[in-house]
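# A structural walkthrough
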Amino acid sequence: MWLFLSFVLVVANNLSKQSVIAFTIPSRLQSAYYSGARPAFKSRRRISHTQLRAIATEGDVVTIEYSLSLPESNAGTQNDPVGDFLFDTGKVTFVLGMGNYLPGLHENVQGMTVGGSLEGAQIDAGFGPRDEENLIVKIPPENLPDEMKKGIQLGSKLFLQNGAPVTVIEVADDGGITIDANHPLAGKKYLLAASLQEVTKQSISKLSYSDEHEMATFGLGCFWGGELAFMRKLGVVGTKVGYSQGAKENPTYEEVCTGETGHTEAIRIIFDPDIVSYEELCRLAVARLGSSVYLENQVGNDKGTQYRSGFYYHSDSQKKVASSVLAELGPDCKVELKPAAETFWDGELHHQQYLMKGGQSAKKGEDETIRCYG
């Protein structure tokens, strides 16, 4: 198959050139990049209080204090990334089982009691083992733009369509290159220490997620970039992508892409209204859409009813706020305003937190440009 590689040549941390090249690679490259097995782990739990306390289960909003460190088996690799360039460490709050952090972190916290702690849990970085066969790729010189051949050198950083970083590890005499498309955390294992400080049990309804958290749903075209933008927002404790506003039950990505199911690609958000208001989320959504707010059934270059933009409210108060924000855009605004559908159909696992898995930071407050070439 042909895979298009959109890249930015990095020189002294400055972006100097952007182009698109095409080359033939094994069709398994993209899927292999994210096909890591579920992390195996061994842990030693220490419960600091014997009295019965709240137990963390999937879907709860949990607050933990945690850290990652390199095990002794990684001796000599102290310069390797420890993951905190992708997400926050320390004291964090998130929906258990709803992305944003390493899968092994979610698995270890599940079943803990408030006041309990664990140490020595060995987890992998969530990006699977290194794949030397499929993710080390030679690109012939004829597939490289002439103007870029002189600029590419050993160690240059390129980006795949989804923003995933790759590194040039060889430059041939004929101008061809070899890239390493393994994630920088692939094959890495870390030691986890964590304590569970608080659990807020979920009580999902049409209006809210729990006593302290609300839900919001937006359609912003391709859901990858929009999800990452919300993941970076302080006060957002959970995100997932999926399909909303359609008729067919349990649709697949391929079915939604036909435009025949009535669904739009959507982002479901769980947030703390004491930290971030629904109005702030609406304005972030407008900023992500840009001039596409005036396009019907289109965001950027993505066209079709499945890419239509929409603010899907969960309460009368959300409707009032969203209506006010959209009214500021004038009568030509094409963003639809409708009540959120009763059912939000989760997208496939490989679509969840897709750009973070590709190596783009989801840290709170991160302002690095979101790269989405899909």
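Up top is the structure these notes are about.
The model shown is predicted, which means the values in this text are computed figures rather than measured ones. (Residues numbered from 1 in each chain as written. Predicted model: local features only at pLDDT ≥ 70, side-chain atom pairs only at ≥ 80, totals over all residues. Heavy atoms only, no water.)

## Quick word on the pairing of strand β14 (residues 264-271)
Basically, it comes down to this: The rule is simple: take the accessible area with a 1.4 Å probe, protein chains only, and divide by the maximum for that residue type; under 20% is buried, over 50% is exposed, in between is partly exposed. Secondary structure follows DSSP: runs of H or I at least 4 residues long count as helices, runs of E at least 2 residues long count as strands, and numbering of each begins at the N terminus. Two strands make a pair as long as DSSP finds a minimum of two bridges between them.
Across the eight residues that make up β14, a large majority, eight, are buried. Going residue by residue along β14, you find T264, A266, R268 and I270 tucked away on one face and E265, I267, I269 and F271 tucked away on the opposite face as well. Here strand β12 (residues 214-220) runs beside β14; their pairing, made up of five bridges, is antiparallel. Note on β14: the bridge partner recorded for A216 is I269. Relative to β14, strand β13 (residues 236-244) runs antiparallel, the two sharing eight bridges. Directly across from V236, in β14, lies its bridge partner F271.

## A short note on the packing of aromatic side chains
Note the following rule: Pairing of aromatic side chains here covers Phe, Tyr and the six-membered ring of Trp, requires ring centres within 6.5 Å, and sorts the geometry by plane angle: under 30 degrees stacked, over 60 edge-to-face, intermediate tilted.
Applying the stated criterion to the full structure yields eight aromatic pairs. Aromatic pair Y66 and Y101: ring centres 6.3 Å apart, planes at 85 degrees, arrangement edge-to-face. Note that Y66 is positioned in strand β4 (residues 61-69) and Y101 in the loop between β5 (90-95) and α2 (103-109), a separation of 35 residues in sequence. Look at F218 and F311: their rings are 5.0 Å apart centre to centre, the planes differ by 90 degrees, and that puts the pair in the edge-to-face class. Within this pair, whereas F218 is found in strand β12, its partner F311 is found in strand β17 (residues 309-313), the two being separated by 93 residues in sequence.

## Some points on the environment of G176
Keep this limit in mind: Should any heavy atoms of two residues lie within 4.5 Å, those residues are counted as being in contact.
Within the secondary structure, G176 is located in the loop between β9 (165-171) and β10 (177-180). The class of G176 is buried, set by a relative accessible area of 6%. A C-alpha to C-alpha distance of 7.9 Å links G176 and E142, two positions 34 residues apart in sequence. Residues within four places of G176 in sequence aside, it is in contact with I139, P140, P141, L144, E170 and V171.

## Here we look at the pattern of salt bridges
Condition: When a carboxyl oxygen of Asp or Glu is within 4 Å of a side-chain nitrogen of Lys or Arg, the pair counts as a salt bridge.
Under the definition given, this model contains 13 salt bridges. As a salt-bridge pair, K138 and E170 come within 3.8 Å of each other at their nearest N and O atoms. Linking K138 in strand β7 (residues 136-139) with E170 in strand β9, this pair joins segments that are 32 residues apart in sequence. Look at K138 and you get exposed, because its relative accessible area is 58%. Between E279 and R283 there is a salt bridge, with the nearest N and O atoms lying 3.1 Å from each other. Taken together, the positions of E279 and R283, both in helix α6 (residues 278-289) and four residues apart, correspond to about one turn of that helix.

## Comments concerning the side chain of H351
You can see H351 is positioned in the loop between β19 (345-346) and α8 (354-357). For H351, a relative accessible area of 4% gives the class buried.

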